[in-house]
Structures are given as structure tokens and as C-alpha cells.
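Next come the chains, spelled out residue by residue.
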Amino acid sequence: MTAQTSQVSPRHFQGLPPDTPTVPTVHFRKTQLVAAQVAKDGGIAAFTGPAGLGKTFAVDHAVRALGMPWGWAQMGPAPAPKEVTVRLLKALTGNTPKGTQYELTDELVDALVDEPHVVVIDDAQGLNKRGLEQVRYLHDLGRGAFPLFLVGGEQCADTLKSDPQLRDRVGAWVTFAPLKGAELHSALAAYHPFLARSDRELLDEVNDVYAKGRFRRWAVFLLTSLRLAEKAGADRLTRQIAKAALSITPPD
């Protein structure tokens, strides 16, 4: 089985400067603690919340820190049980397997028992009832041989809770929420010197009208603002730069 390693690029927002630091928000820190404990137990953990809050990045960081090989599968909408299994096998081996659902299920579980990996299912809100049942079945067959991390957006919690048997097996749950107040200011200051030098009231205005406490939106806004500031010879956010950047950011 081909294991993914730390040589794979971290899941930063594309285009950010290569030296962009990791900002340890409260949800990021919780993710590291939960991931370490659940990996040790071979259990199931869920990481959910609205889009753009850093769930994928936090889980990716945690998985790399565990020192175990991992397989990361991104699910499309309402995948059939066989597709779930195929995507997981491909994430682990790099190959697209062939066979019946029964054969592929046994192949996947045997591989994970023989060589335990952290299994991450991203966009888990796309799983329907049968997909959820297959995920639970796979983990049950493994009998705690491998940890399973379920990562998903705003509807993911409802999706996972729709299967009582899976919900009862989730040993830990981290719910991400938008940054606000002092935590937002601290995170932005740590995120980039350009934001650290900027007026907090102006940053609050940008947050209110566009970013809304979401890291992904701040990344978009920061990239645009840095380009505009370079042309203007500015080392911090000004109202003129903020207005220009907001005029070309993606709409809600």
C-alpha cells in the first residue's frame, strides 16, 4: 500500500506566501488534541462547521503530526457504497481498484488492518444513508485497527446524525465556528504582518461586510490587498485599499 507522507504539500489556501504561518485558533488546537486521542484509540472523530473556517487545514495538520500513513478521500454527492470503498482504496494505494463491492470491502479492510492508516473522508456531508452505512461497516470490520476522521461543511452534522448507529460511534466531535472579537484580532495579527499593522476598526468593517470570521475569505481578501498595497507602496490596509479589494472579492 502506498502511504502518503509529510512530503505532500499542506492544504493551504492556494496563492498564499510560502511562509504563511499556522495560526493556532481554539478550533485548531481542539482538532490537534482530538485527532491525537482518537488516533490512539482507533476510533471515529467528526470535524464539522460552515465552509471556510479551516477545518480541512486543521485536520491535515493533525494527521501529519501523528506520524502515521494516511489516506485522504474527498466524497462527491451521494456516493454509492461501492464508490465510497473505491475512493478510499484509491486514496490509500493510488490505484483505481476493480471488483465487486464485497471483494473491494474485504480488500480495503484487510489492507487497513495489515497496515493501519489514518482514514480521512472530506466533504462527508455528501454521504447519503447507504454511504454512511458503508463507512460505519468498514470501521466496524476493522475493529479499531484504524482511526476514521469525518470532515464536512455546514450540513455535515445533520448528515452524520441521520445515522444513529454511526453517530453513537463518533467518539469526539469538533464544531468549528467563525472567529470574532479578540480571537479574530489575534488570529489576523498572527496571520500576516500586513494585517498586524492595520487598524482594528477597519479590519472589523471588512469582517462585517465580507469575511464574517472565515479564514478562507480573509485569505482571499489578504491576497488581493497585498497586490494592491504593493502598487500603492503601502505596508498596511488603508480604506482605499480595502474598498478596492472588496470591490473585486467574490460575492456572498
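Residues numbered from 1 in each chain as written. Predicted model: local features only at pLDDT ≥ 70, side-chain atom pairs only at ≥ 80, totals over all residues. Heavy atoms only, no water.

**Details of the side chain of Gln 32**
Mapped onto the elements, Gln 32 comes out in helix α1 (residues 26-41). For Gln 32, the side chain forms a polar contact with the main-chain nitrogen of Ala 62, separated by 3.2 Å. Contacts of Gln 32, omitting those with residues within four sequence positions, involve Ala 58, His 61 and Ala 62. (Helix = DSSP H or I, 4+ residues; strand = E, 2+ residues; numbered from the N terminus. Polar contact = N/O pair within 3.5 Å; in protein donor to acceptor, adjacent residues only side chain to side chain. Contact = heavy atoms within 4.5 Å.)

**Digging into the nonpolar core**
By size, the foremost hydrophobic cluster in this structure holds 28 residues, and its most contacted members are Leu 88, Ile 121, Leu 127 and Leu 150. Those elements that provide at least two residues to this core are β1 (44-48), α3 (81-93), α4 (101-114), β3 (118-122), α5 (129-142), β4 (148-152) and α6 (156-161). With six residues, the single largest contributor to this core is α3. Residues in contact with Leu 127, not counting those within four places in the same chain, are Met 75, Pro 79, Val 84, Ile 121, Leu 132, Val 135 and Thr 159. The next biggest cluster of nonpolar side chains, apart from the first, holds 26 residues, and it includes Leu 16, Val 206, Ala 211 and Trp 218. (Core = buried A, V, L, I, M, F, W, Y, C linked by side-chain atoms within 4.5 Å. Buried < 20%, exposed > 50% of the residue type's maximum accessible area, 1.4 Å probe, protein only.)

**Structural notes on the sheet that holds β4**
A sheet is described by the order of its strands in space; here five strands give the open sequence β2-β3-β4-β1-β5, paired in parallel fashion. Each edge of the sheet is formed by a strand with only one pairing partner; in this case those strands are β2 (70-74) and β5 (170-175). Going from strand to strand, the sheet's axes swing by 15° on average, the running direction of each strand aside. Bridging between β1 and β5 involves five bridges; their strand directions are parallel. (Pairing = 2+ DSSP bridges. Axes fitted to C-alpha atoms, helices over the stretch in contact; angles between N-to-C directions.)

**Here we look at the pattern of salt bridges**
Note that side chains of opposite charge can pair when their charged atoms are close. On inspection of all chains with the given rule, the structure shows 10 salt bridges. Residue Asp 140 is joined to Arg 136 by a salt bridge in which the shortest nitrogen-to-oxygen separation is 3.8 Å. Here Asp 140 and its partner Arg 136 are both found in helix α5, four residues apart, which amounts to about one turn of the helix. Arg 136 gets classed as buried once you look at its relative accessible area, which sits at 13%. Asp 140 sits in the partly exposed class, given a relative accessible area of 29%. One salt-bridge network, held together by shared partners, links Arg 136, Asp 140, Asp 163 and Arg 169. (Salt bridge = Lys/Arg side-chain N within 4 Å of Asp/Glu carboxyl O.)

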